[in-house]
Amino acid sequence: MSQLFSPLTIRTVEVRNRLWVAPMCQYSAQDGMPNDWHHVHLAQFASGDAGLVMAEATAVVPEGRITPEDTGIWNDEQRDAWRPIVTAIHDRGAVAAIQLAHAGRKASTYSPFAAERGTVPEAEGGWQALAPSAVAFDGYARPDELERAEIDALVTAFADGARRSREAGFDVLEIHAAHGYLLHEFLSPLSNQRTDEYGGSLENRARLLLLIVEAVRAAAPDAPLFVRFSATDWAEGGWDVAETATVSAWAHERGADLIDVSSGGLVAHQRITTGPGYQVPFASQIRATTGLPVSAVGEITTGTQAEEILAAGDADAIMAGREWLRDPHFGLRAADELGEDASVWPPQYVRARRR
């Protein structure tokens, strides 16, 4: 059996393989409610032999949405709308995961489908963004600095989102601390200029994330818990892979099980060098430094490439995004490529199998 198609157990959950669907925003919800698009979009990947299917960045409060069209988990109606989607993923043999998120200073922006760019005005359905410091992302409106009471409320909101997610049937929870959104903004000195206990030292900048990890773990004591980090800001003076490794270990001490390693997104002046598997070295370094399970993502497009990453010990699982969009049966194709018999073909599709 290939490593890619060997199962992985995290806490009480066994994932049938290690080729997973990364969270990908669809900008297709209304009032935070997932709908038929999300149902078909996510369930198809389970039919394509994904081991784990993760729903997009899902806001724990209304003002935590990136765009007005983002999904949410801040009320029970949204919880109930997620249930049939989770059931569809389970019925096709995959593990259902959700990414709990707050967009911070990158909230209230136009979706990629809109003609406009930048911040959505309040008169057009936008809202005032909140951030660790009143420092705008280039091209967006200036956010308000979060007050202490608002920070405390956010910890509760993440815990409530975790509870509702479990009630909806999600098996795995992920805390989004990457891509320039709120928790990443607290972590990076480029966006966090606070002088209180949430700013300055690494311990202070990591404080909110660690409180949220603890709160989510308490709200969902048995669920596998991932944290997605941007391992580097790709900008001078910013967050880096060594700090990511340190905070990953702290998060693990508080209940996190796996580190989902991505990069970038904090500042517009980032300088990213891309290419096949370009973020894998970050995952490998964090895994080697901490000894924690990690997932790797970033231009991973074939079964052979994914297998080589796992065989080299660079990661424990593969997160893919765009390749699943290009081919919702990426898992079946990867298994065929590797000569793997462990893939799960839907009986309706077996006649298309090459072997």
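As a reminder, the structure under discussion sits directly above these lines.
Residues numbered from 1 in each chain as written. Predicted model: local features only at pLDDT ≥ 70, side-chain atom pairs only at ≥ 80, totals over all residues. Heavy atoms only, no water.

Asks: Just to check I follow, could you spell out the pattern of salt bridges for this structure?
Replies: In a structure, side chains of opposite charge can pair up when their charged atoms sit close to one another. Applying the stated criterion across every chain yields a total of 22 salt bridges. Between Arg83 and Asp80 there is a salt bridge, with the nearest N and O atoms lying 2.6 Å from each other. Highlighted residues: Arg83 and Asp80, both in helix 2 (residues 76-91), separated by three residues, approximately one helical turn. Its salt-bridge partner being Arg194, residue Asp196 comes within 2.7 Å of it at the nearest N-O pair. For Arg194, a relative accessible area of 7% translates into the label buried. Here the salt bridges share partners, and the residues they tie into one network are Asp76, Arg79, Asp80, Arg83, Asp160, Arg163, Arg164 and Glu167. (Salt bridge = Lys/Arg side-chain N within 4 Å of Asp/Glu carboxyl O. Helix = DSSP H or I, 4+ residues; strand = E, 2+ residues; numbered from the N terminus. Buried < 20%, exposed > 50% of the residue type's maximum accessible area, 1.4 Å probe, protein only.)

Asks: Please explain the layout of surface pockets as it appears in this structure.
Replies: Any empty space left between atoms is shown by rolling a water-sized probe over those atoms. Of the voids in this model, the largest pocket is the one considered here, and its volume is about 1,200 Å³. Lining the largest pocket are 45 residues, with Pro23, Tyr27, His179, Tyr181 and Arg322 sitting closest to its centre. For the lining of the largest pocket, the elements supplying multiple residues, two or more each, are strand 4 (52-59), strand 12 (317-320) and helix 10 (322-326). By residue number, the principal contributor to the lining of the largest pocket is helix 10, which donates four residues. The class makeup of the residues in the lining of the largest pocket is 20 nonpolar, 17 polar and eight charged. (1 Å grid on protein atoms, 1.4 Å probe; cavity = no way out; pocket = protein on both sides within 12 Å on 5 of 7 lines; lining within 4 Å. Points joined across faces, edges and corners; volume = space filled by probe spheres on them. Nonpolar A, V, L, I, M, F, W, Y, C, P; charged D, E, K, R; others polar.)

Asks: Quick question: what am I supposed to make of the packing of aromatic side chains here?
Replies: The relation between two aromatic rings is expressed through the spacing of the ring centres and the mutual angle of the planes. All chains considered together, the criterion is met by eight aromatic pairs. Ring geometry for Trp20 against Phe226: centres 5.9 Å apart, planes inclined by 10°, an arrangement best described as stacked. With Trp20 in strand 3 (residues 19-21) and Phe226 in strand 9 (residues 225-230), the pair connects residues that are 206 residues apart, well separated along the chain. Given a relative accessible area of 0%, Phe226 falls into the buried group. Considering the side-chain rings of Trp82 and Phe170, the 5.6 Å spacing of their centres and the 70° angle between planes classify their relative orientation as edge-to-face. With Trp82 in helix 2 and Phe170 in the loop between helix 3 (148-168) and strand 8 (172-177), the pair connects residues that are 88 residues apart, well separated along the chain. The two residues Trp82 and Phe170 agree in class, both being buried. Through a chain of ring-to-ring contacts, the aromatic side chains of Phe45, Trp324 and Phe330 assemble into a single cluster. When the ring centre of Phe137 is taken as origin, the NZ or CZ atom of Lys106, which lies over that ring, is 4.9 Å away. (Phe/Tyr/Trp six-rings, centres within 6.5 Å; stacked < 30°, edge-to-face > 60°. Lys NZ or Arg CZ within 6 Å of the ring centre and 35° of its normal.)

Asks: I keep staring at empty space enclosed by the protein and nothing clicks. Help me out?
Replies: Inspection of the entire model under this criterion finds one cavity of 30 Å³ or more. Around the largest cavity, the lining residues are Ala57, Thr58, Ala59, Gly64, Arg65, Ile66, Asp70, Ala101, His176 and Tyr181. With three residues, strand 4 is the single largest residue contributor to the lining of the largest cavity. Residue composition of the lining of the largest cavity, grouped by class: five nonpolar, three polar and two charged.

Asks: Any chance you could explain the side chain of Thr71 here in plain terms?
Replies: Mapped onto the elements of the fold, Thr71 is located in the loop between strand 4 and helix 2. A relative accessible area of 0% places Thr71 in the buried class. A polar contact is formed between the side chain of Thr71 and the side chain of Thr58, at a distance of 3.0 Å. Those residues in contact with Thr71 that sit more than four places away from it in its chain are Ala29, Gly32, Pro34, His38, Glu56, Ala57, Thr58, Ala59, Arg65 and Trp82. (Polar contact = N/O pair within 3.5 Å; in protein donor to acceptor, adjacent residues only side chain to side chain. Contact = heavy atoms within 4.5 Å.)

Asks: Just to check I follow, could you spell out the packing of helix 3 against helix 6 (residues 207-219) for this structure?
Replies: Helix-helix packing: each pair is described by the crossing angle between the helix axes and the interaxial distance. Running from N to C, helix 3 and helix 6 cross one another at 35°; their axes reach a closest spacing of 8 Å. Crossing hand, helix 3 versus helix 6: right-handed. Residues Ile151, Val155, Phe158, Ala159, Ala162 and Arg163 of helix 3 pack against Leu208, Leu211, Ile212, Ala215, Val216 and Ala219 of helix 6. In terms of residue class, the contact of helix 3 with helix 6 is made up of eleven nonpolar, no polar and one charged. (Axes fitted to C-alpha atoms, helices over the stretch in contact; angles between N-to-C directions. Left-handed = near helix turned anticlockwise from the far one by under 90°.)

Asks: I would appreciate a short explanation of the pairing of strand 4 in the present structure.
Replies: Note on strand geometry: in a regular strand, side chains alternate between the two faces of the sheet. In terms of residue burial, strand 4 counts as a mostly covered element, since eight of its eight residues are buried. The parallel pair strand 4 and strand 5 (residues 95-101), bridged by helix 2, forms a crossover whose chirality is right-handed. (Right-handed = clockwise from strand over helix to strand, strands pointing away.)

Asks: Is there a simple way to think about the pairing of strand 5 in this case?
Replies: In terms of burial, strand 5 is a largely internal element, seven of the seven residues being buried. With burial as the criterion, each face of strand 5 is covered, one bearing Val95, Ala97, Gln99 and Ala101 and the other bearing Ala96, Ile98 and Leu100. Pairing of strand 4 with strand 5 involves seven bridges; the strand directions are parallel. Paired with Val53 across the strands is Ala96, a residue of strand 5. Bridge count for strand 5 against strand 8 is four bridges, and the pairing is parallel. Among the inter-strand pairings, Leu100 is bridged to a residue of strand 8, identified as Ile175. (Pairing = 2+ DSSP bridges.)

Keep in mind these values describe shape, not function.
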